[in-house]
Amino acid sequence: MKKLIFFKTILPSLFLFYSGLLPAQISNLSKATIIASSKINHPVRETAIRVLQEEVAHRTSINLLLKSKWGNTPVIVLATKKDDAIDGLLVPKRSGENLPETKAEGFRIVLTQSDGKDILWLIGADERGVIFAIGDFLRTAQLSKKKILFNKNDEIETSPTYPIRGHQIGYRNTANSWDSWTPEQYEKYIRELAIFGTNAIENIPFQDGPPGPLMKLPRAEMNLKISQICNKYDLDYWVWTPADVDLSDPVKFAAEVKRHADYYKVTPRLDGVFFPGGDPGNNDPKYVMPFLKAIAAELKKYHPNAGVWISLQGFSDEQVDYFYDYLNQYQPDWLTGVVSGPSSPDIAETRFRLPKKYKHRFYPDITHSVRCQYPALNWDQAFALTEGREICNPQPFYYAQIHNRFAPFTDGFISYSDGSHDDVNKIIWSQMAWNPDQPVQQVLEEYCRFFFGPSVAKPGADGILALERNWVGPIEQNGGIETTFTFWQNLEKTHPELQSNWRWQQLVMRAYYDTYDRRRKIYEEGLEKQANQILAEAPEIGAEKAMNKALAVVNKAYLQRVSPELRQKVFDYCEALWKSIGAQTSVKKYHASGEERGAILDFIDYPLNNRWWLADQFDTIRKMPTEKEKLDRLKIIATWDNPGPGSYYDNISNISQEPHVLTRSDDGTDVAWWDNGLSRKRLSTQLFQNFPVLDYHDLDPNGRYIIRIAGYGDALLRVDGVRIDPIVYNKGLEEFKEFEITQKYVADGELKVTFDQPEESKLNWRNKSKVCDIWLLKQE
């Protein structure tokens with residue numbers, strides 16, 4: 001029976017609570033006891049009972065007692081498909097073939113009556129199915145103070161679509177929160193992921209060297225704890241084990257195999273070993289394959305059902321071909337499958353080329369917002385500069401679409417994550433892998449009902465979706481950010497009981513941060529426009545006076561802050577997150593491992609106008625020998641993004657200033673990360689593409705134009721397909737290249753600009769040629 005969202009969101013509360021009367025489809029389990037089948041294997045039986053008791057008690061203050069016999073009160077029964085009867089009462093079973101509740105990890109929740117008492121059956125196809133049935137009950141039941149209500153319309157028979165549904169939560173210093181956790185916090189988080197259908201956890205036992213300053217336990221000890229936790233819940237335990245050593249060296253090869261073997265020997269549960277071909281690592285597959293064969297042999301000694309997996313991340317085309325040739329020639333049984341992650345070959349092509357005997361796992365990056373596999377789309381530069389790669393980033397519809405697009409080529413996923421900030425995204429992926437057709441809104445309502453309470457289920461879900469919309473499009477044009485802020489501020493005021501809930505804290509914090517960014521960008525850009533007007537007066541008032549006055553205006557951005565109360569609230573919530581889950585939102589204050597690792601506080605004051613760049617430019621201008629040179633440069637600065645009538649300006653990859661640009665980066669690498677995020681370059685310089693395409697229309701058919709380009713390296717320009725030679729060609733950052741465009745190219749009033757790719761195959765992507773700003777300047 002499909003769940004009906006109607007009964008979860010619309011059913012009037014008076015039916016539930018008025019005079020204690022309940023309609024026929026609502027069962028009051030507030031006085032229920034638990035009976036658990038003895039056929040549920042240890043240790044899952046004990047874990048299942050404990051999860052049900054503890055989670056219900058936390059939400060209702062009701063202690064569900066475990067019984068072995070039927071009594072006179074309602075009962076919640078934990079059973080498996082192996083059970084025919086519980087204490088003489090037949091377990092309800094449907095007839096038929098291929099029923100979902102009989103498939104691996106499937107379950108059935110059904111409400112029956114016996115001797116006048118309600119019996120809620122949570123029947124798993126196996127031990128995991130029991131855990132997942134409990135999770136579904138906890139997500140859908142109405143749990144409030146001293147009340148446990150279950151709607152018969154929430155009966156369900158289901159099994160997962162994809163068999164692998166996991167998340168990487170590696171205990172390492174680069175994580176932005178859980179490296180500070182205790183084993184108890186780890187178990188709580190793993191339990192909560194399981195409640196939403198997660199069946200695998202991936203750890204990182206070796207990589208990243210020394211322990212961080214916040215770790216409560218040595219890494220080796222916590223690694224064992226995480227494995228033990230997974231075993232209690234019957235969740236698969238995986239490890240991510242790159243080789244940073246040179247495997248062509250026999251001594252290092254042997255030492256690395258021994259390190260694996262030593263770990264396998266002491267690890268109580270291990271189901272998968274994932275070896276990334278690159279990112280990190282730089283070993284040729286002719287050395288990798290023998291290495292994997294060697295560790296597979298060691299793995300089978302201690303964990304005979306575990307498998308070895310490899311990703312082709314960072315492999316060249318020749319190396320990829322070598323890998324597939326190896327598989328086709330040897331068909332190794334010691335290899336379980338291939339993982340597709342960031343920088344891997346195309347996921348569909350991988351499934352096509354991979355022999356069918358091997359499984360295929362997805363390794364999606366759901367944790368980063370920029371310079372990553374799936375960057376936030378149409379993301380304003382202001383967010384990229386301040387909130388950065390690892391802020392609370394709920395994007396439920398975006399990630400549901402990504403999952404459902406690529407999942408059919410795989411057997412499931414284990415995500416890449418480096419913190420709790422992507423918590424909503426984890427739940428979306430786990431639930432989409434269980435049932436890709438379920439509505440995102442339903443998943444979010446269950447998320448909010450479980451973590452925040454029944455009264456917040458729908459408004460909380462709406463608020464999360466509003467946060468996702470905050471990130472779409474130019475920030476100054478997105479008035480919905482203010483509406484979202486008002487909505488969350490109202491939730492914040494009406495639910496003080498959630499102030500210590502870390503999930504709540506980070507969502508409310510995001511609403512404040514987004515709004516502060518928007519107000520600040522509007523304010524600071526306004527100040528820069530005033531400064532440019534002053535610079536335009538430099539011929540009348542003199543260069544020195546113009547620079548002093550202009551700098552005084554733009555510096556009001558920090559001398560007279562806009563909405564300082566919002567800024568303070570962000571700081572307050574970051575402090576609360578530090579206390580609740582050890583969230584490291586600052587390198588200095590909260591020991592973040594790096595500026596890109598969730599240190600959002602360290603960039604909250606990063607300029608959203610060009611005041612740093614202007615100050616540096618003015619220092620350079622003051623050293624110029626003549627007033628004319630100073631005035632010429634000030635004119636360029638004053639008219640940088642407003643070149644005058646008949647001329648056009650585009651800042652490449654700036655969604656607020658690119659009316660003619662047709663291309664977009666698909667990985668967010670067009671947003672610079674220089675000087676650890678504190679670059680003093682012009683903001684437009686920090687956005688770029690390598691080979692943009694631009695279209696111009698409504699040009700003067702009798703006109704002559706100059707194309708001016710600011711960027712770095714080469715710019716091999718073509719206009720309407722014709723290569724144009726430069727008249728000025730400077731390769732330095734923020735230096736100009738200029739190209740003369742004669743009348744014949746604009747005779748039809750249109751112009752198409754493209755760029756050839758220079759030979760830079762041996763350069764790192766960070767050092768390749770870039771186009772940042774383009775002007776089409778009409779000549780007199």
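Everything quoted here is computed from the prediction, not taken from an experiment.

Basis of the calculations
Residues numbered from 1 in each chain as written. Predicted model: local features only at pLDDT ≥ 70, side-chain atom pairs only at ≥ 80, totals over all residues. Heavy atoms only, no water. Helix = DSSP H or I, 4+ residues; strand = E, 2+ residues; numbered from the N terminus. Rg over C-alpha atoms; globule rule 2.2 N^0.38 Å. Buried < 20%, exposed > 50% of the residue type's maximum accessible area, 1.4 Å probe, protein only. Areas by Shrake-Rupley, 256 points an atom, 1.4 Å probe, with all protein chains shown as cover. Lys, Arg positive; Asp, Glu negative; His and termini not counted. Charge placed at Lys NZ, Arg CZ, Asp CG, Glu CD. Pairing = 2+ DSSP bridges. Axes fitted to C-alpha atoms, helices over the stretch in contact; angles between N-to-C directions. Right-handed = clockwise from strand over helix to strand, strands pointing away. Disulfide = S-S within 2.5 Å. Salt bridge = Lys/Arg side-chain N within 4 Å of Asp/Glu carboxyl O. Contact = heavy atoms within 4.5 Å. Phe/Tyr/Trp six-rings, centres within 6.5 Å; stacked < 30°, edge-to-face > 60°. Lys NZ or Arg CZ within 6 Å of the ring centre and 35° of its normal.

### What to know about the overall build of the chain
If you tally the helices and strands in the chain, you get 24 helices and 28 strands. Against the globule reference of 28 Å for 780 residues, the chain gives a C-alpha radius of gyration of 30 Å, in line with a compact fold. Along the three orthogonal principal directions, the C-alpha set of the chain runs to about 100 × 70 × 55 Å. A buried classification covers 58% of the 780 residues belonging to the chain. Counting every atom, the chain has about 31500 Å² of accessible surface; 51% of that belongs to carbon and sulfur. When the 95 positive and 103 negative side-chain charges of the chain are each reduced to one mean point, those points stand 5 Å apart.

### Regarding the sheet that holds strand β9 (residues 142–144)
One open sheet accounts for three strands, arranged β1-β10-β9; its pairing is antiparallel. Each edge of the sheet is formed by a strand with only one pairing partner; in this case those strands are β1 (26–28) and β9. Adjacent strand axes in the sheet meet at a mean angle of 20° when their direction is disregarded. Direction of pairing for β1 relative to strand β10 (residues 147–151): antiparallel, over a ladder of three bridges. From the neighbouring strand, Asn28 faces β10, where its bridge partner is Leu149.

### A word on the sheet that holds strand β4 (residues 75–80)
The strands making up a sheet associate through backbone hydrogen bonding, with each pair oriented either parallel or antiparallel. Pairing in this open sheet of six strands is mixed, and the strands run β3-β2-β4-β8-β7-β11 from one edge to the other. Among the strands making up the open sheet, the edge pair consists of β3 (66–67) and β11 (156–158).

### Thoughts on unusual backbone geometry
The omega angle of the peptide bond from His42 to Pro43 is 0°, so this bond is cis rather than trans. Cis peptide bonds are those with omega within 30 degrees of zero, and the linkage from Asp279 to Pro280 qualifies with 0°. Its place among the elements puts Pro280 in the loop between β15 (272–276) and α8 (285–302).

### A look at the pairing of β15
The buried fraction of β15 amounts to five of the five residues, a majority that puts the element mostly inside the structure. The alternating pattern of β15 places Gly272, Phe274 and Pro276 on one face and Val273 and Phe275 on the opposite face, and all of these are buried. Bridging between strand β14 (residues 236–240) and β15 involves three bridges; their strand directions are parallel. Bridging from a neighbouring strand, Trp240 pairs with Phe274 of β15. Summarising the sheet, β15 and strand β16 (residues 307–311) pair through five bridges and their orientation is parallel. Among the inter-strand pairings, Gly272 is bridged to a residue of β16, identified as Gly307. Each parallel crossover has a hand, and for β15 linked through α8 to β16 it is right-handed.

### Remarks on the state of the cysteines
Enumeration over the complete set of coordinates arrives at zero disulfides. Cysteine Cys392 remains unbridged, with the sulfur of Cys574 as its closest cysteine sulfur at 11 Å. A residue is classified by how much of its surface remains accessible, and Cys392, at 3% relative accessible area, is buried. This cysteine, Cys772, is not joined by any disulfide, and Cys372 carries the nearest cysteine sulfur, 20 Å off.

### Things to note about the pattern of salt bridges
For the structure shown, the criterion picks out 60 salt bridges. The shortest N-O distance in the salt bridge between Arg108 and Glu157 comes to 3.6 Å. Placement of the pair is Arg108 in strand β7 (residues 107–114) and Glu157 in strand β11, with a sequence separation of 49 residues. No difference in accessibility class separates Arg108 from Glu157, as the two residues are buried. Of the charged contacts, one joins Lys357 and Asp333 as a salt bridge, the two residues approaching to 2.6 Å between their closest N and O atoms. Here Lys357 is found in the loop between α10 (347–353) and β18 (359–362), whereas its partner Asp333 is found in the loop between α9 (317–330) and β17 (335–340), with 24 residues between them in sequence.

### Notes on the environment of Val51
With respect to the helices and strands, Val51 occurs in helix α3 (residues 44–60). Linking Val51 and Glu192, residues 141 residues apart in sequence, is a C-alpha distance of 9.8 Å.

### Let's talk about helix α12 (residues 396–406)
Within α12, the full set of buried residues consists of Pro396, Tyr398, Tyr399, Ala400, Ile402, His403 and Phe406. For α12, the secondary structure elements touched by its buried residues are α10, β18, β19 (412–415), α13 (423–434), α14 (440–452) and α15 (457–470).

### A word on the pairing of strand β27 (residues 751–756)
Going residue by residue along β27, you find Leu751, Val753 and Phe755 tucked away on one face and Lys752, Thr754 and Asp756 left uncovered on the opposite face. As paired elements, strand β21 (residues 694–696) and β27 share three bridges and run antiparallel to each other. When the bridges of β27 are listed, Asp695 appears paired with Lys752. Sheet topology note: the strand β23 (residues 716–719)/β27 ladder contains four bridges and is antiparallel. When the sheet's bridge partners are listed, Val719 is paired in β27 with Val753.

### Examining the environment of Ile600
Within the secondary structure, Ile600 is located in the loop between α22 (587–590) and α23 (611–622). For Ile600, a relative accessible area of 3% gives the class buried. For the pair Ile600 and Phe571, spaced 29 residues apart in sequence, the C-alpha separation works out to 9.8 Å. In contact with Ile600, other than residues within four places in its own chain, are Thr386, Glu387, Glu390, Ile391, Met509, Tyr513, Cys574 and Thr585.

### Digging into the packing of aromatic side chains
This model, assessed by the stated rule, comprises 46 aromatic pairs. Centroid distance Tyr447 to Phe451: 4.9 Å. Interplanar angle 65°. Geometry classified as edge-to-face. Pair noted here: Tyr447 and Phe451 are both in helix α14, with a separation of four residues, about one helical turn. When sorted by exposure, Tyr447 lands in the same class as Phe451, which is buried. One aromatic cluster is present, built from ring pairs that chain together Phe196, Tyr447, Phe450, Phe451, Phe452, Trp488 and Trp504. Its end group placed over the ring of Phe196, Arg139 keeps NZ or CZ at 5.2 Å from the ring centre. Across the ring face of Phe736, the terminal group of Arg708 is positioned such that the distance to the ring centre comes to 4.8 Å.

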